[in-house]
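Take a look at the letters that make up each chain.
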Amino acid sequence: MAAAEGVVTQSSPQRKIGRYVMLGFILLWCLFPFVWLIDTSLKLGDAALNSPSLTQGPFGLDNYLSVFDQGFGYNLRNSAIVAGTTTIVCITVGSLAAYAIARLPLKGKVLILSAILAVALFPSVALVPPLYELWRSLGLLNTYPGLYIPYTAFTLPLTIFILTTFYASIPKDLEEAARVDGASAFQAFYKIVLPLAAPGVFAAAIIVFVYAWNEFLLASTFAPRDLAAQTVPVAIAAFTGSVEFQRPIGTITAACVIVTVPMIILTLILQRRITAGLTAGAVKG
């Protein structure tokens, strides 16, 4: 027994070192593309394409200055408005719809959820031609509603599904106690259930916001050129270099860094709520 315990004790430091090495390798593997992106965005001229070395310059901030000289600030504003509006609408409507499915004695709940998810699985590219003709007749091209309306239609089903599973995990006894104390059904929802469902709401909100922030197909079709509504992905695809006839790889990577950093910071700040929201709904309380 003593020999066996000694073997376990002696091997435990080796196991820890092995785990740290493996974690370090995984971390390096995940971070390297972002390091390469930042390095490329700082290279001037054709060095971004002609030099594979991360340390070979020249380096500078000209690419970042060129990004904002092309009106990228307006694109950031447009993406923030469209993604923010989509998130607010999806969370508001999705919370009520998910609560109704999770709590009301509805028949065929599984069928309803299946139909909702079927809408989310429908390919958006199949809707582009008819939507474009409809938006043109309604005057919604190059407008914010022309973007966040279809975004809401595609992300609302997933929002409802996430929140339904989360609401179902919250004990009904809490709502019944609130009803006994005189609260209405809606008061029990927004004073008792909704605060407890905050992790799930945050998780759904982040997923919706990231989708609307990164969506390209609909944005390039409904608002391709107008700075009043053009979003970030479309603007990046249309970038030119800081010098005429120069390949714009440095400008594009600089814009990608500007777009990616806020999303990373937001995800790191809310990572605990996101993880809780995606996992807690799977365990019924």
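Residues numbered from 1 in each chain as written. Predicted model: local features only at pLDDT ≥ 70, side-chain atom pairs only at ≥ 80, totals over all residues. Heavy atoms only, no water.

### Quick notes on the overall build of the chain
Point 1. A count of helical and extended segments in the chain gives 14 helices and zero strands.
Point 2. Written out in order from the N terminus, the α and β elements of the chain read α-α-α-α-α-α-α-α-α-α-α-α-α-α.
Point 3. Nonlocal contacts in the chain, meaning residues at least 24 apart in sequence, comprise 73% of its contacts between residues at least 6 apart.
Point 4. By element, 71% of the accessible surface of the chain is carried by carbon and sulfur atoms, the whole surface being about 16,300 Å². (Helix = DSSP H or I, 4+ residues; strand = E, 2+ residues; numbered from the N terminus. Contact = heavy atoms within 4.5 Å. Areas by Shrake-Rupley, 256 points an atom, 1.4 Å probe, with all protein chains shown as cover.)

### Points about helix α13 (residues 249-269)
One full turn of an α-helix is made of 3.6 residues, so residues set three or four places apart face in the same direction.
Point 1. Under the 1.5 Å per step criterion, the end-to-end length of α13 is 30 Å for 21 residues, consistent within 8% with the ideal 30 Å.
Point 2. Among the residues of α13, those classed as buried are Gly250, Thr251, Thr253, Ala254, Ala255, Val257, Ile258, Val259 and Met263. (Expected span 1.5 Å × (residues − 1). Buried < 20%, exposed > 50% of the residue type's maximum accessible area, 1.4 Å probe, protein only.)

### Overview of helix α9 (residues 185-196)
Point 1. An ideal rise of 1.5 Å per residue puts 16 Å on twelve residues; α9 measures up with 16 Å between its terminal C-alpha atoms.
Point 2. Where α9 is concerned, the buried positions are Ala188, Phe189 and Val193. What you see down the axis of α9 is that its buried residues fit within an arc of 100 degrees, all on one side.
Point 3. Elements in contact with the buried residues of α9: α4 (72-103), α7 (145-168) and α8 (172-180). (Arc of directions from axis to C-beta.)

### Observations regarding the nonpolar core
Point 1. Core analysis: the biggest nonpolar cluster contains 32 residues, and Val67, Phe72, Leu147, Tyr151 and Ile236 have the highest contact counts within it.
Point 2. Among the secondary structure elements, those contributing two or more residues to this core are α3 (62-69), α4, α6 (128-138), α7, α10 (198-214), α11 (217-222), α12 (232-237) and α13.
Point 3. The residues touching isoleucine 236, leaving out its near neighbours within four places in the chain, are Phe72, Ile252, Ala255, Cys256 and Val259. (Core = buried A, V, L, I, M, F, W, Y, C linked by side-chain atoms within 4.5 Å.)

### Examining the environment of threonine 267
Point 1. Relative to the helices and strands, threonine 267 resides in helix α13.
Point 2. Along the chain, threonine 267 and alanine 203 lie 64 residues apart, while their C-alpha atoms are 9.9 Å from each other.

### Here we look at the side chain of serine 79
Point 1. Examined against the element boundaries, serine 79 turns out to sit in helix α4.
Point 2. You can call serine 79 buried: its relative accessible area is 2%.
Point 3. Among the polar contacts listed, one links the side chain of serine 79 to the backbone nitrogen of valine 232, at a separation of 2.8 Å.
Point 4. Those residues within four positions of serine 79 in sequence are excluded, and the remaining contacts are Gly84, Trp213, Thr231, Val232 and Pro233. (Polar contact = N/O pair within 3.5 Å; in protein donor to acceptor, adjacent residues only side chain to side chain.)

### Here's the deal with the environment of isoleucine 207
Point 1. Structurally, the position occupied by isoleucine 207 is in helix α10.
Point 2. When the C-alpha positions of isoleucine 207 and threonine 159 are compared, they lie 8.5 Å apart, and in sequence the two are 48 residues distant.

### Quick notes on the pattern of salt bridges
Point 1. Considering all chains together, one arrives at two salt bridges under this definition.
Point 2. The residue lysine 43 makes a salt bridge to aspartate 39 at a minimum N-O spacing of 3.5 Å.
Point 3. Glutamate 133 is the partner of arginine 136 in a salt bridge, and the nearest nitrogen-oxygen pair spans 2.6 Å. Here arginine 136 pairs with glutamate 133, and both are found in helix α6, just three residues apart, close to one helical turn.
Point 4. Glutamate 133 sits in the partly exposed class, given a relative accessible area of 41%. (Salt bridge = Lys/Arg side-chain N within 4 Å of Asp/Glu carboxyl O.)

The values reported here are purely geometric and, on their own, carry no functional implication.
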